[in-house]
Amino acid sequence: MSRTVFCQHLNKDLEGLAFQLYPGEVGKRIFDNISKEAWTMWQKKQTMLINEKKMNMMNPDDRAFLEQAMVGYLFEGKEPEIEGYVPPSE
């Protein structure tokens, strides 16, 4: 049976993640407050960011930048700046 969370990104009750996908306090916060749907949306943005900025996930600065963008997107409603990408209008 899936668990339900109040998703802080989408502002409604939705299916939560099956387990903590990200380490540490940020990971716990995501697990407790972000839905599976919102996480999938973030993963698409993350892939675009990594590719556009030619990020190396072995580089601590790139990982820190990506974590900051993730927290901004999931909890603060900040769209990451991806060159040439225009988010769909609602």
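Keep in mind that what you see is a predicted model, and the values were worked out from it rather than measured.

A.B. asks: What should I look at first to understand the pattern of salt bridges in this one?
C.D. replies: Here the idea is simple: oppositely charged side chains can pair when their charged atoms come close. For the structure on display, the rule yields four salt bridges. Measuring nitrogen to oxygen at the nearest pair gives 3.0 Å for the salt bridge that ties glutamate 15 to lysine 36. Of the two residues, glutamate 15 is situated in strand β2 (residues 12-15) and lysine 36 in helix α2 (residues 36-52); the sequence distance between them amounts to 21 residues. According to the relative accessible area criterion, lysine 36 is partly exposed, its value standing at 39%. For lysine 28, the salt bridge identified is with aspartate 32, shortest N-O distance 2.8 Å. Of this pair, lysine 28 and aspartate 32 both sit in helix α1 (residues 24-33), four residues apart, which is roughly one turn of that helix.

A.B. asks: Help me out: how do you make sense of the packing of α1 against helix α3 (residues 60-76) in this one?
C.D. replies: Two numbers describe a pair of packed helices, the interaxial angle and the distance between the axes. Running from amino to carboxyl end, α1 crosses α3 at an angle of 25°, the nearest separation of the two axes being 12 Å. The angle between α1 and α3 falls in the class roughly parallel. For the element pair α1 and α3, the recorded crossing hand is left-handed. On α3, the residues that touch Val26, Arg29, Ile30 and Asn33 of α1 are Glu67, Met70, Val71, Leu74 and Phe75.

A.B. asks: Before we go on, may I ask you to explain the packing of aromatic side chains in this structure?
C.D. replies: The geometry of an aromatic ring pair comes down to the distance between the two centres and the angle between the two planes. Inspection of the entire model under this criterion finds one aromatic pair. Between tryptophan 42 and tyrosine 73, the ring centres sit 5.7 Å apart and the planes meet at 35°, which makes this aromatic pair tilted. One end of the pair, tryptophan 42, is in helix α2; the other, tyrosine 73, is in helix α3, and 31 residues separate them in sequence. Judged by relative accessible area, which is 3%, tyrosine 73 ranks as buried. Taking the ring centre of phenylalanine 31 as reference, the NZ or CZ of arginine 3 above it sits at 3.7 Å. When the ring centre of phenylalanine 75 is taken as reference, the NZ or CZ atom of arginine 29 above it lies at 3.7 Å.

Calculation notes
- Residues numbered from 1 in each chain as written.
- Predicted model: local features only at pLDDT ≥ 70, side-chain atom pairs only at ≥ 80, totals over all residues.
- Heavy atoms only, no water.
- Salt bridge = Lys/Arg side-chain N within 4 Å of Asp/Glu carboxyl O.
- Helix = DSSP H or I, 4+ residues; strand = E, 2+ residues; numbered from the N terminus.
- Buried < 20%, exposed > 50% of the residue type's maximum accessible area, 1.4 Å probe, protein only.
- Axes fitted to C-alpha atoms, helices over the stretch in contact; angles between N-to-C directions.
- Parallel < 35°, antiparallel > 145°, perpendicular 65-115°, else oblique.
- Left-handed = near helix turned anticlockwise from the far one by under 90°.
- Contact = heavy atoms within 4.5 Å.
- Phe/Tyr/Trp six-rings, centres within 6.5 Å; stacked < 30°, edge-to-face > 60°.
- Lys NZ or Arg CZ within 6 Å of the ring centre and 35° of its normal.

The values are spatial; any link to function lies outside them.
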